[in-house]
Amino acid sequence: MAKYTKQDIINMVAEEDVEFIRMQFTDIEGNFKNVAITASQLEKVLSNNCMFDCSLVEGMLPTDNADMFLYPDLDTFTIFPWRPQQGKVARFICDVYRADRTPFEGDCRYILKKALQEAQALGYTFEIGPECEFFLFNADENGRPTTNTNEQAGFLDMGPLDNGENARRDIVLTLEDMGFQVESSHHEKAPSQHEIDFRYDEALATADNIMTFKLAVKTIAKHHGLHATFMPKPRKEFCGSGMHINMSLRKDGKNVFDDPSDKNGLSKEAYYFMGGLMKHVKGICAVTNPLVNSYKRLKPGFEAPVFIAWSTLGANTLIRIPNIRGEHTRIELRSPDPAANPYLAIAACLMAGLDGIKNKIEPKPESRESMNALAEEDAAIRRLEKLPTDLLEACKEMRKDTLLRDLLGDRVFEQFYHSKVSAWKEYDSQVTSWEIDSYLYKF
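A short tour of the structure in this document, coming up. (Residues numbered from 1 in each chain as written. Predicted model: local features only at pLDDT ≥ 70, side-chain atom pairs only at ≥ 80, totals over all residues. Heavy atoms only, no water.)

## Considerations on the overall build of the chain
Stage number 1. Along its length, the chain carries 14 helices and 15 strands.
Stage number 2. At 22 Å, the chain has a C-alpha radius of gyration in line with the 22 Å of a compact globule built from 443 residues.
Stage number 3. Counting only C-alpha atoms, the chain reaches 65 × 55 × 45 Å along its principal axes.
Stage number 4. The buried share of the chain, reckoned over its 443 residues, is 53%.
Stage number 5. Put simply, of all contacts in the chain between residues at least 6 apart along the chain, 70% involve residues at least 24 apart.
Stage number 6. Separation between the mean location of the 53 positive side-chain charges and that of the 67 negative ones in the chain comes to 4 Å. (Helix = DSSP H or I, 4+ residues; strand = E, 2+ residues; numbered from the N terminus. Rg over C-alpha atoms; globule rule 2.2 N^0.38 Å. Buried < 20%, exposed > 50% of the residue type's maximum accessible area, 1.4 Å probe, protein only. Contact = heavy atoms within 4.5 Å. Lys, Arg positive; Asp, Glu negative; His and termini not counted. Charge placed at Lys NZ, Arg CZ, Asp CG, Glu CD.)

## A few points about the packing of helix H6 (residues 268–280) against helix H9 (residues 342–358)
Stage number 1. The N-to-C vectors of H6 and H9 enclose an angle of 120°; their axes lie 6 Å apart at closest approach. It follows from the interaxial angle that H6 and H9 lie oblique. Where H6 crosses over H9, the handedness of that crossing is right-handed. Of the residues in H9, those in contact with Glu269, Tyr272, Phe273, Gly276, Leu277, Lys279 and His280 of H6 are Cys349, Leu350, Ala352, Gly353, Leu354, Asp355, Gly356 and Ile357. (Axes fitted to C-alpha atoms, helices over the stretch in contact; angles between N-to-C directions. Parallel < 35°, antiparallel > 145°, perpendicular 65-115°, else oblique. Left-handed = near helix turned anticlockwise from the far one by under 90°.)

## Re the packing of aromatic side chains
Stage number 1. Using the criterion set out here, one finds 17 aromatic pairs in the structure.
Stage number 2. Note on phenylalanine 25 and phenylalanine 52: the rings are 4.9 Å apart at their centroids and 40° apart in plane angle, and the pair reads as tilted. With phenylalanine 25 in strand S1 (residues 18–26) and phenylalanine 52 in strand S3 (residues 50–53), this residue pair connects regions lying 27 residues apart in the sequence.
Stage number 3. Note on phenylalanine 25: relative accessible area 3%, which makes it buried.
Stage number 4. Overall, phenylalanine 52 belongs to the buried group, its relative accessible area being 8%.
Stage number 5. When the ring of tryptophan 424 is compared with that of tyrosine 427, the centres are 5.4 Å apart and the planes differ by 50°; the resulting orientation is tilted. Note that tryptophan 424 and tyrosine 427 are positioned in helix H13 (residues 410–428) at a spacing of 3 residues, about one turn of the helix. (Phe/Tyr/Trp six-rings, centres within 6.5 Å; stacked < 30°, edge-to-face > 60°.)

## Looking at the state of the cysteines
Simply put, the disulfide is a covalent bond whose two ends are the sulfur atoms of two cysteines.
Stage number 1. By the definition in use, this model includes 0 disulfides.
Stage number 2. Here cysteine 108 is not cross-linked by a disulfide; its sulfur's nearest cysteine counterpart is in cysteine 54, at 13 Å.
Stage number 3. Residue classification places cysteine 108 among the buried positions, given a relative accessible area of 1%.
Stage number 4. With no disulfide partner, cysteine 239 has as its closest neighbouring cysteine sulfur the one in cysteine 132, 17 Å distant. (Disulfide = S-S within 2.5 Å.)

## Let's talk about the packing of helix H4 (residues 165–177) against helix H5 (residues 203–223)
When two helices pack together, their arrangement is given by the angle between the helix axes and by the axis-to-axis distance.
Stage number 1. Two elements in contact, H4 and H5, have axes separated by 9 Å at closest approach and are oriented at 135°. Judged on the interaxial angle alone, H5 and H4 are oblique. Between H4 and H5 the crossing geometry is right-handed. Of the residues in H5, those touching H4 at Ala167, Asp170, Ile171, Thr174 and Leu175 are Phe213, Ala216, Val217 and Ile220.
Stage number 2. Residues of the contact of H4 with H5, tallied by class, amount to 7 nonpolar, 1 polar and 1 charged. (Nonpolar A, V, L, I, M, F, W, Y, C, P; charged D, E, K, R; others polar.)

## Concerning unusual backbone geometry
Stage number 1. Here glycine 159 and proline 160 are connected by a cis peptide whose omega angle stands at 10°.
Stage number 2. A positive phi angle is found at arginine 101, which is not glycine, with a value near 70°.
Stage number 3. If you trace the backbone, arginine 101 turns up in the loop between strand S5 (88–98) and helix H3 (108–121).

## With respect to H5
Stage number 1. Helix length check: H5 (21 residues) gives 30 Å between terminal C-alpha atoms against 30 Å at 1.5 Å per residue, within 8%.
Stage number 2. With 16 of 21 residues buried, H5 lies mostly within the body of the structure. (Expected span 1.5 Å × (residues − 1).)

## Regarding the pairing of S5
Stage number 1. With 10 of 11 residues buried, S5 lies mostly within the body of the structure.
Stage number 2. Pairing geometry for S1 and S5, over 6 bridges, is parallel. Its bridge partner being in S5, arginine 22 is matched across the sheet by arginine 91.
Stage number 3. With 8 bridges joining them, strand S4 (residues 67–79) and S5 adopt antiparallel strand pairing. Bridge pairing links methionine 68 to arginine 98 in S5. (Pairing = 2+ DSSP bridges.)

## Section: the environment of arginine 250
Stage number 1. Relative to the helices and strands, arginine 250 resides in strand S11 (residues 243–251).
Stage number 2. Sequence-distant contacts of arginine 250, defined by excluding residues within four places in its chain, comprise Gly123, Tyr124, Thr125, Glu127, Tyr200, Asn255, Val256 and Glu327.
Stage number 3. For arginine 250, the side chain forms a polar contact with the main-chain oxygen of glycine 253, separated by 3.3 Å. (Polar contact = N/O pair within 3.5 Å; in protein donor to acceptor, adjacent residues only side chain to side chain.)

## Some words on the sheet that holds S3
Stage number 1. As summarised here, the arrangement of the 5 strands in space is S2-S1-S5-S4-S3, forming an open sheet in which the pairing is mixed. The outermost strands of the open sheet, each flanked by one partner alone, are strand S2 (32–38) and S3. On average, each strand axis in the sheet is inclined to that of its neighbour by 40°, with strand direction left out of account.
Stage number 2. Inspection of the sheet shows S3 paired to S4 by 4 bridges, in the antiparallel sense. From the neighbouring strand, phenylalanine 52 faces S4, where its bridge partner is methionine 68.
Stage number 3. Docked against the sheet, H3 engages S1, S4 and S5, running at close to 65° with respect to S5.

## Let's talk about the pairing of strand S7 (residues 182–187)
Stage number 1. Bridge analysis of S7 against strand S8 (residues 193–198) gives 5 bridges, and the strand direction is antiparallel. Directly across from serine 184, in S8, lies its bridge partner aspartate 197.
Stage number 2. In this antiparallel pair of consecutive strands, S7 and S8, the connection spans 5 residues, and serine 192 shows a positive phi of 70°.

## Regarding helix H11 (residues 391–400)
Stage number 1. If you check which residues of H11 are buried, you get Leu391, Ala394, Cys395, Glu397 and Met398. Seen along its axis, H11 keeps its buried residues to an arc of 160°; they face one direction. Across H11 from its buried face, at more than 90 degrees, point the exposed residues Lys396 and Lys400.
Stage number 2. Where the residues of H11 are buried, they touch helix H7 (285–288), helix H8 (294–297), helix H12 (403–408) and H13.
Stage number 3. In this structure aspartate 390 caps H11, since a side-chain oxygen of it lies 3.1 Å from the backbone nitrogen of leucine 392. (Arc of directions from axis to C-beta.)

Below you can see the structure in the form of structure tokens.
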């Protein structure tokens, strides 16, 4: 990541003819918000004096003063390649501060920073590599999104089967213009489903990158007359989209998960970190899988994890250890989906893993068979727990586990919890087309 000074920013804005700057921040649901300023206000912004009213922003209900300040992270400055090249548009990702100049406890970036400080106190640096999947669907004649697609491409297919190939290429080129190191891109298993993987980085930078990635994907897709969606399960007959999170811890510059003397090449810290993830995964599921729709993806037969297990072999386990060691040894958690707020999801994973390390939580024995083919009866015999099957169950698990409350604080925890329970209740009250088709004629 670039390291910019205030003068660097002032020079770039002048030299690149930047006229408009978006001050971006993320609400508790994981959506980008922004306040826009012109270049004439740059000095004010760089002095941390950009104020906004947060009263209508999700998860930022004020207890005293609705006025907040946006503090730009100078290293997140970037120019949007898709905007006009005269009078360019740039952005900062910002931290949110209260009117009294203290960090706002509901700011997702602040929550992740607190978790990273805890890791740092133990001597660790947390690194993340996300695998972000999404669908590119047709838009209708009015430009509104649909779930329609006329392609039948599958895993790693290419054009002309892959109708989204040109859009995906332009997305990758745009990301590289914005400073991303894109490692690979390809068509995924379901028709119109795609994956773009960018280089791992320290956790805060990666969370920022995920938010920027989603914005770029949606923007470039729209330029191609397509709608990009990170909804976990938009079509019932297709596999859903995941956001697998690859994690490693470093200490004194070395990957602490690596141990060549172990039969699996894993250190004690790696096993304990897995143990913490397995202990808390149900309790953090409302964060890693935050939508009613998220749990339509976590079903047997659709390549997504169902049971709480780990493996160095099975590709469909909840936790997979990729077949690479040394400095690239990592733990891959496969349950999160791309609707998750990346700041909260990464922070929750880190706190779960650190709890495992601090309390030496051993994971259950490795599962070496395919989880996709495992019957529920066999799983019960092997005492394999299941992930929550719906958002309401995830909320109940969130209540039982203290990890998220400790991470978020009482106020943010309660706001998040009640927003998810409210979403479930609204969903549960709907009369669906399936019910009409199944019952209206018969009864």
